[in-house]
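Spelled out from the first residue to the last, the chains are:
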Amino acid sequence: MKDTILLFALVSITILGYSQKNINYRIIEDNPDNYKRTSLTLDLTDFELCRGVALGYGIGFQTQIADFVPTIHYRKAYLDGTAYGTTRDIQPVKGMSKFSSLELGTTWFFNQAVKKRPVQVNLSSSKSRNYIHVSYINIPNVSENIYHGLDVGFMTQQRGLGLDVDLDSPPSEIWQYERVSDGYKAPVESAWGSDDNIDHPEGYFSAPRTTYHLNTLYFGYKRRVTQHLEILLDGANKATKDNYIDWYAHILFSPASTLATLEDTHDVAWNLVPVEGKKTFSNFGFRTGYSVIFASIMDVHTELGFMTGYKTKESAMNGFFWNVGFGFFIGSRYGFLKK
């Protein structure tokens, strides 16, 4: 069986082969300032791993006003592991909301430098089964802009909190139930081996889930690299290298939030509250990420870090998150109040 899986994996791998061509060319334009400052990105796939898994889409817009680049980015999940399922019947009366995020921010680019370096310009590609052959030419001394900026912004999110205590696991270390009517408390634990004298919520009480709004402030550093190169090849063919790359690192801060109240299958209201002395909310976090625009039409981004918000476990790694998305890029070289 393992041999079959290995064989299938080897057959599925696409092999890339590169070869450099010796060809005459003439540089038409080498101007890294001439990149697309105003853009709209449509991410067809946006994957989020953070105390659960969500898969959705994203829409982003940015433009440039003098040395400032305001941005807006909206993400919405159409599949959310925390919000999915019918066996978890202890949840808010309105049901679970899928993950969503709206981010508003700006970058102040306070410094710019110009460097020269060789770049590879792909000329053509051909595919034969799982083999792709790419022909390219190296262009020496291409101009490259490097911008240094300060990021600041605000992000508001709709997130879910889902607990799941396995049959052989002890009760949750940090969460417990509190009945709204009288303040009675009960552990979040598996039905297997639980004390019959404890009045748990009616239903599948080992796996409650609820939602909350998370408001987050962020600030940090951004580095942007831009290139815009046009060359004329033999035979009057034109090739273009037009892309930019952003790298950023942010500190995150979120004030406390409130979990939605739960209802069990007998319509009794309960809250999830911390076990005495336990910390269930992370106020501070961080993230770092890359955003790459290439071929003038494609957008790829990824980020990872530690997200603020409610924790499902006591582990320090419980806030780890990873996001990746890709889609289409529509841009214009127009900016406002450019120098």
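See the structure printed just above.
So, a few notes on the structure that sits alongside this text. In this text, all values refer to a predicted model and were calculated from it rather than measured experimentally.

## With respect to the layout of surface pockets
Using a probe with the size of a water molecule, rolled over the atoms, empty space left in the structure can be pinpointed.
Inference 1: The calculated volume of the largest pocket comes to roughly 420 Å³.
Inference 2: Every residue lining the largest pocket is counted, 20 residues in all, and those nearest its centre are Leu163, Asp164, Val165, Thr312 and Lys313.

## Description of the sheet that holds strand β9 (residues 185-187)
Either a parallel or an antiparallel arrangement is found when strands of a sheet pair, and the pairing is made through backbone hydrogen bonds.
Inference 1: Spatially, 4 strands are ordered β9-β8-β13-β12 in an open sheet, and the strand pairing comes out antiparallel. Here the strands that pair on one side only, and so sit at the sheet edges, are β9 and β12 (262-263).
Inference 2: Two strands pair when backbone bridges link them, and strand β8 (residues 175-179) and β9 are joined in this way by 3 bridges, in the antiparallel orientation. Opposite Tyr177, over in β9, you have Ala186 as the bridge partner.

## A word on the nonpolar core
Inference 1: Formed by 23 residues in total, the largest nonpolar core has its most connected members in Leu161, Trp175, Tyr177, Val188, Leu259, Leu272 and Tyr310.
Inference 2: A total of 3 residues in this core trace back to one element, the largest contributor, which is strand β10 (residues 209-233).
Inference 3: Residues Val119, Ile137, Ile231 and Ala239 belong to the second largest nonpolar core, which totals 9 residues.

## Structural notes on empty space enclosed by the protein
Inference 1: Throughout the structure, instances matching the rule amount to 4 cavities of 30 Å³ or more.
Inference 2: Size it by volume and the largest cavity reaches roughly 540 Å³.
Inference 3: If you trace the largest cavity, you find 29 residues lining it, with Gln62, His73, Lys222, Tyr248 and Ser291 closest to the centre.
Inference 4: A per-class count over the lining of the largest cavity returns 7 nonpolar, 13 polar and 9 charged.
Inference 5: Roughly 150 Å³ of volume is contained in the second largest cavity.
Inference 6: Within the residue set of the lining of the second largest cavity, elements represented by two or more residues are β3 (38-50), β4 (53-62) and β7 (131-162).

How each quantity is defined
Residues numbered from 1 in each chain as written. Predicted model: local features only at pLDDT ≥ 70, side-chain atom pairs only at ≥ 80, totals over all residues. Heavy atoms only, no water. 1 Å grid on protein atoms, 1.4 Å probe; cavity = no way out; pocket = protein on both sides within 12 Å on 5 of 7 lines; lining within 4 Å. Points joined across faces, edges and corners; volume = space filled by probe spheres on them. Pairing = 2+ DSSP bridges. Helix = DSSP H or I, 4+ residues; strand = E, 2+ residues; numbered from the N terminus. Core = buried A, V, L, I, M, F, W, Y, C linked by side-chain atoms within 4.5 Å. Buried < 20%, exposed > 50% of the residue type's maximum accessible area, 1.4 Å probe, protein only. Nonpolar A, V, L, I, M, F, W, Y, C, P; charged D, E, K, R; others polar.

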